[in-house]
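# Secondary and tertiary structure notes
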Amino acid sequence: MAQGAVWRTRYQVLFVIALAVLVTGFLSVAAVRHGFFDLRVYYGALHHWVRADGEIYDWLKPDSKYGFTYPPFAALVMVPMAYLSWPAAMVISVTLTVLASALVIWWLVDPVARRAGWTRWFALAVAFCLAAAFEPMRETVNFGQVNMLMLFLVAADLLWLAAPVTPWGRRLPQRYRRFAGVGIGLATAIKLTPGIFIVYLLVTRRWLAAVVASGTAAAATLLAAAVAPDASREFWTTALWDTDRVGSLSFISNQSWQGVVARLDPEHPSRLLWLVLVAATVAVWVWRVRSTVAVGDEATGFALTAVVQGLVSPVTWVHHLVWLIPALILLVDNAYAAPAGSRRRRGLLGFAIFAYLILISRLVWIWQSRFDGLLGFVGSNFYVWISLALLLLLPVRGPSQLAEAGGVAEFGQPKRRPSPRPLQFVGRPLTIGD
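Residues numbered from 1 in each chain as written. Predicted model: local features only at pLDDT ≥ 70, side-chain atom pairs only at ≥ 80, totals over all residues. Heavy atoms only, no water.

### A word on the environment of Val246
When you line up the elements, Val246 lands in the loop between α12 (229–237) and α13 (257–264). Accessibility expressed as a relative area gives 28% for Val246, which makes it partly exposed. Linking Val246 and Thr69, residues 177 residues apart in sequence, is a C-alpha distance of 7.5 Å. Contact partners of Val246, with chain neighbours within four places excluded, come to Tyr66, Thr69, Val315 and Trp317. (Helix = DSSP H or I, 4+ residues; strand = E, 2+ residues; numbered from the N terminus. Buried < 20%, exposed > 50% of the residue type's maximum accessible area, 1.4 Å probe, protein only. Contact = heavy atoms within 4.5 Å.)

Set out below in structure tokens:
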């Protein structure tokens, strides 16, 4: 190894150590300790169901109104938790979240590292440290939530099976690609909201993948109904429609369009206004994702759909916003595809940094108790505005950029990197920084 490379590695190691220490210090101050609240709900409900022979949807966490809210298939997947000690359940929850996060971040960051000429381990380590400080990520860990596991299932499906090429620029054999949709189907059967990715497959005319995803979700749901008929009947007829089980829609953590509308009038939120906002958002999303598939940019289609999931869902707690991670990483990817020193690069990086800083800041919680007035309206919904900006402004990558990100041509041959070209925003130049 050349002397320069040795020194570069040393500086990178020192930088990562310093960043890890800085993030640890930040988390010690900024991270709210939720005591694995949601994991305790899963754990208690499953013990009540499996060990005490009770009904899973009848159990409520002591001194609260919160109970198990996921479909019965999720309960089947979590059954092993009923036989674990509480410390073991916590360790497994954190370990699975860390592993799922590392894989998803690796798949998305690695193309950026190759384009920018960064050492790949260094890029992943920096990205992982930054993700640890991300408020939705730290909330996911502290609540013991399953968000990153759902994100992993969908990302594995769309980035590896449904995409024209894998994150490393190669085509999977057809015998594997025919399973595209399985991950989305499983995620939908576990938590329902990833079902929007089935709509994504339909909108982008991947009929076989949509059928596989729908069939997988239906099969998992029917399996749960066969194994636990009473629980299935209770969920689909009663528990699913009991909004009191998830909390107040106007609560500041609900960073969806429904949360915005509910905070305008907590006693009588306008259903019509919410439906108009959802319809307009879906229309923009359909327009944008069709262009991503037209050029083979599956990662951007995935990221845009993840953003829309949070906007249109009736309840999007802050910890659900881990689904914004792909869009933020792709902003950086697009920035480094632009010419060095260009206004476009500065604009995209500036947007990415601004959005990231807002989403680690706990800014919206300033208005937790009172969100009236213009400042309250803007500030209490700031994470919604970030999501909306990502939906509108995340660029769609062209074929040359995609080939450069993968580093290989369609048939696996090395491809010479082209000169950076202006990025296109659904048929017209991106306006950030222009």
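### Side note on the confidence of the model for the chain
Averaged over every residue, the pLDDT of the chain is 89; residues scoring 70 or more account for 91%. Ranking the elements of the chain by mean pLDDT puts strand β2 (residues 428–429) last with 37 and helix α19 (residues 382–393) first with 98. Across residues 407–434, confidence stays below pLDDT 50; counting only partners more than four residues off in sequence or on other chains, it has 57 contacts. (pLDDT = per-residue confidence, 0-100.)

### Thoughts on the side chain of Ser101
Following the sequence through the fold, Ser101 ends up in helix α4 (residues 86–116). The class of Ser101 is buried, set by a relative accessible area of 1%. Engagement of the side chain of Ser101 in a polar contact is seen with the backbone oxygen of Thr97, the distance being 2.6 Å. Sequence-distant contacts of Ser101, that is, excluding residues within four places in its chain, are made with Phe128, Met137 and Met148. (Polar contact = N/O pair within 3.5 Å; in protein donor to acceptor, adjacent residues only side chain to side chain.)

### Some remarks on helix α6 (residues 135–143)
Burial analysis of α6 places eight of its nine residues in the buried class, which makes it a mostly covered element. Every buried residue belonging to α6 is among Glu135, Pro136, Met137, Arg138, Glu139, Thr140, Asn142 and Phe143, and all of these are buried. The positive-phi residue at the C-terminal boundary of α6 is Gly144, with phi of around 75°.

### Some words on the nonpolar core
Grouped together as the largest cluster of nonpolar side chains are 122 residues, with contacts concentrated most on Phe68 and Trp285. In terms of residues, this core owes the most to one element, α4, which gives 10 residues. (Core = buried A, V, L, I, M, F, W, Y, C linked by side-chain atoms within 4.5 Å.)

### Brief notes about the pattern of salt bridges
One side chain can pair with another of opposite charge once the charged atoms of both are near each other. Counting across every chain of the model gives eight salt bridges. Here Glu135 and Arg362 are joined by a salt bridge, their closest N and O atoms 3.7 Å apart. Placement of Glu135 in helix α6 and of Arg362 in the loop between α17 (343–358) and α18 (373–380) is noted, with a sequence separation of 227 residues between them. For Arg206, the salt bridge goes to Glu298, with nearest N and O atoms at 2.7 Å. A residue pair is termed long-range when its members are at least 10 positions apart, and Arg206 in the loop between α10 (196–203) and α11 (207–227) and Glu298 in helix α15 (residues 298–312) qualify at 92 residues. Each member of the pair, Arg206 as well as Glu298, carries the same accessibility label: buried. Here the salt bridges share partners, and the residues they tie into one network are Asp110, Arg114 and Arg120. (Salt bridge = Lys/Arg side-chain N within 4 Å of Asp/Glu carboxyl O.)

### Things to note about unusual backbone geometry
Positive phi, close to 65°, is recorded for Arg205, a residue that is not glycine. Relative to the helices and strands, Arg205 is located in the loop between α10 and α11. In this structure, Arg362 is a non-glycine residue whose phi angle is positive, near 60°.

### Considering a nonpolar patch on the surface
On the surface, Trp7, Tyr11, Val13, Leu14, Ile17, Val21 and Trp121 cluster together into a nonpolar patch covering about 740 Å² of accessible area. Looking at which element gives the most residues to the nonpolar patch, the answer is helix α1 (residues 3–30), with six residues. Overall, Ile17 belongs to the partly exposed group, its relative accessible area being 49%. (Patch = residues over 30% accessible without salt bridge, like charges linked within 9 Å, V, L, I, M, F, W, Y side chains within 5 Å. Areas by Shrake-Rupley, 256 points an atom, 1.4 Å probe, with all protein chains shown as cover.)

### Some points on the environment of Phe122
On the secondary structure map, Phe122 appears in helix α5 (residues 120–133). Not counting residues within four places of it along the chain, the set of residues in contact with Phe122 comprises Gln12, Phe15 and Val16.

### Things to note about the packing of aromatic side chains
Centre-to-centre distance and the angle between the planes together describe a pair of aromatic rings. Summed over all chains, the structure comprises 22 aromatic pairs. Seen from their ring centres, Phe251 and Trp317 are 6.0 Å apart, and the 65° between their planes marks the pair as edge-to-face. Pair noted here: Phe251 is in the loop between α12 and α13 and Trp317 is in the loop between α15 and α16 (325–337), with a separation of 66 residues, a long-range link. What makes Trp317 buried here is its relative accessible area of 14%. (Phe/Tyr/Trp six-rings, centres within 6.5 Å; stacked < 30°, edge-to-face > 60°.)

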